[in-house]
Amino acid sequence: MVQYFSTRGGADNQNFTDVLLQGLAPDGGLFIPKEWPALTPADLEQLKGKSYADVAYHVTSPFIGDCIAPDAFRQILSDIYTNQFEHAEVAPLVEIAPNKYVMELFHGPTLAFKDYALQLLGRLFDHVLEQRGERVTIVGATSGDTGSAAIEACRHCKNIDIFILHPEGRTSEVQRRQMTTIDAPNVFNIALDGTFDDCQNMVKAMFNDKDFRDDVTLSAVNSINWARIMAQIVYYVTASLSLSGASKKVSFAVPTGNFGNIYAAYSARQMGLPVHQLIIGSNRNDILTRFFETGTMSTGGVEPSLSPSMDIQISSNFERYLCGLLDHDTERLSSLMNEFKDKGSFTLSDAEMTKARTEFSAYRCNDEKTMQMMKNCYQDTGYILDPHTAVGMSAGLSAYAQAGADQSVPLISLACAHPAKFPDAVEKAIGVRPSLPEHLADLYERKEFVTPLENDLSIVQKFVREHRQQL
Ligand SMILES: *Cc1c(COP(=O)(O)O)cnc(C)c1O
């Protein structure tokens, strides 16, 4: 059974439940497994043709160990992946050109890939809390998609209050409405006067305030919760299985912000999934691409782009990868993270960068290129990309255009959002306005529930204390 430790060395030998409920480690680090459970060629062979829920059970149960009874866990997985997703295959692959695939991750309730993990996270939380007779307060920051997916995941949970902070005026209207139109007594939307990073820092500050954290039993569902990464590993496995399984490598192109989704791909590879290249796509907010080019991680300002869910300048999950790259040297990692916090940058050695560059390649795609990608794809194939998907696909095609790239390896671009979530950008690029699926058709007529708050820790804490329900 997998045990977890904090990347900063302050917590060790934690089990799945500990990690699930804490979110962020008490020392400010992120939890990662001490060892990767194996996914052998025989396992993969055996999983071919199985349902998404069955594959999910096989892939994720080693991470959970005996923390959740197998029958209960199977039940949770089958409830989610057979009932909450609109497509029978859950995460279908569409071949848009020879050997070029799109993996559609927008068949969940909020039309973005975050549903795949957050639907599971909400139910796991509620299950564990119910067993323990406990209640938690979830706070999370979102630049758009995470918020609505987290709210959808928690709105029916009996033991959870959820507070989601979004940067006022900086999410798309669809994204905002998907969050704010939910009328539930345990759901609170806060429009913070600031950027997404301000929201994220506010959440971190709440976690770092021990009295507050204990007082409201704080927890997280943003992309730092290990269970989200775990759930996302599954679709990399199903994608590989549906093309080739153990016998052939595939490459993934992933539009990247907080590094959660691509870290799940990396995790799948660490477990044994045959992956050729992991290709990071960043938009103009290209901290990761600059890092892979220069060896220096250095923050800059956040600029709004056509792919707002990637408009961040700190990729919080990158710390997980870094810890692995440094062979779990938590001391060195902590000092790098402190340096990053104090000076806004850190630099790795040439040897470390050589290794990192064998594990990932990274490309940037500005708004102009994003528009061009949406347009070319639509003209050539008739397939409509959302802007995030376009960033990922553009990175994938750039990687395949490099000298020596092996064209026989299937390229799978992740479609992380439905195009109708970003109708203005899509319409501008291709001249066609994508329409929302039926279950969201009246979104623009629904009433909104949202509280605007100043970017001030004590004000936000007061709001949380006053609105959460006590046991
Ligand atoms: C969240 C999100 C991303 C970025 O994913 P990370 O896991 O943060 O790297 C990309 N595209 C869309 C549509 C998203 O919602």
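Now for a description of the structure that goes with this document. Keep in mind the model is a prediction, meaning the values are calculated, not measured. (Residues numbered from 1 in each chain as written. Predicted model: local features only at pLDDT ≥ 70, side-chain atom pairs only at ≥ 80, totals over all residues. Heavy atoms only, no water.)

Right, let's get into the packing of aromatic side chains. One pass over the structure, following the stated rule, counts 29 aromatic pairs. For the ring pair Tyr 57 and Phe 73, a centre distance of 5.8 Å and an interplane angle of 45 degrees mean the geometry is tilted. One end of the pair, Tyr 57, is in helix α3 (residues 52-64); the other, Phe 73, is in helix α4 (residues 70-83), with 16 residues separating them in the sequence. We classify Tyr 57 as buried; its relative accessible area is 16%. Seen from the ring of Tyr 57, Arg 74 lies directly overhead, with NZ or CZ sitting 3.8 Å from the centre. (Phe/Tyr/Trp six-rings, centres within 6.5 Å; stacked < 30°, edge-to-face > 60°. Helix = DSSP H or I, 4+ residues; strand = E, 2+ residues; numbered from the N terminus. Buried < 20%, exposed > 50% of the residue type's maximum accessible area, 1.4 Å probe, protein only. Lys NZ or Arg CZ within 6 Å of the ring centre and 35° of its normal.)

Here 6 strands make up an open sheet; going across it, the order is β3-β4-β14-β9-β10-β13 and the pairing mixed. The open sheet terminates on both sides in strands that have one partner only, identified here as β3 (93-97) and β13 (361-364). In this sheet, neighbouring strand axes are inclined to one another by 25 degrees on average, regardless of whether the strands run parallel or antiparallel. Across the face of the sheet, helix α10 (residues 226-243) comes into contact with β3, β4 (100-104), β9 (250-255) and β14 (411-415) while running at roughly 140 degrees to β9. (Pairing = 2+ DSSP bridges. Axes fitted to C-alpha atoms, helices over the stretch in contact; angles between N-to-C directions. Contact = heavy atoms within 4.5 Å.)

Counting 112 residues, the largest nonpolar core has Phe 16, Tyr 81 and Phe 252 as the members making the most contacts within it. With 12 residues, α10 is the largest single contributor of residues to this core. The contact partners of Phe 16, leaving out residues within four places of it in the chain, are Tyr 4, Phe 63, Ile 64, Cys 67, Ile 68, Leu 124, Trp 226, Ala 227 and Met 230. Grouped together as the second largest cluster of nonpolar side chains are 25 residues, Leu 24, Val 139, Phe 207 and Val 464 included. (Core = buried A, V, L, I, M, F, W, Y, C linked by side-chain atoms within 4.5 Å.)

Here we come to the sheet that holds strand β6 (residues 160-167). The 5 strands lie next to each other as β8-β5-β6-β7-β15, forming an open sheet whose pairing is parallel. With one partner strand each, in any of the chains shown, β8 (218-219) and β15 (451-453) form the two edges of the open sheet. In terms of strand pairing, β6 meets strand β7 (residues 187-192) through 6 bridges, oriented parallel. Considered in β7, the bridge of Leu 165 is made with Ile 190. Together, β5 (136-141), β6 and β8 form the strand contacts of helix α5 (residues 114-132), whose direction differs from that of β6 by roughly 145 degrees. Sitting on the sheet, helix α8 (residues 196-208) is in contact with β5, β6, β7 and β8, with an inclination near 150 degrees to β5.

In short, geometric facts, not functional conclusions.
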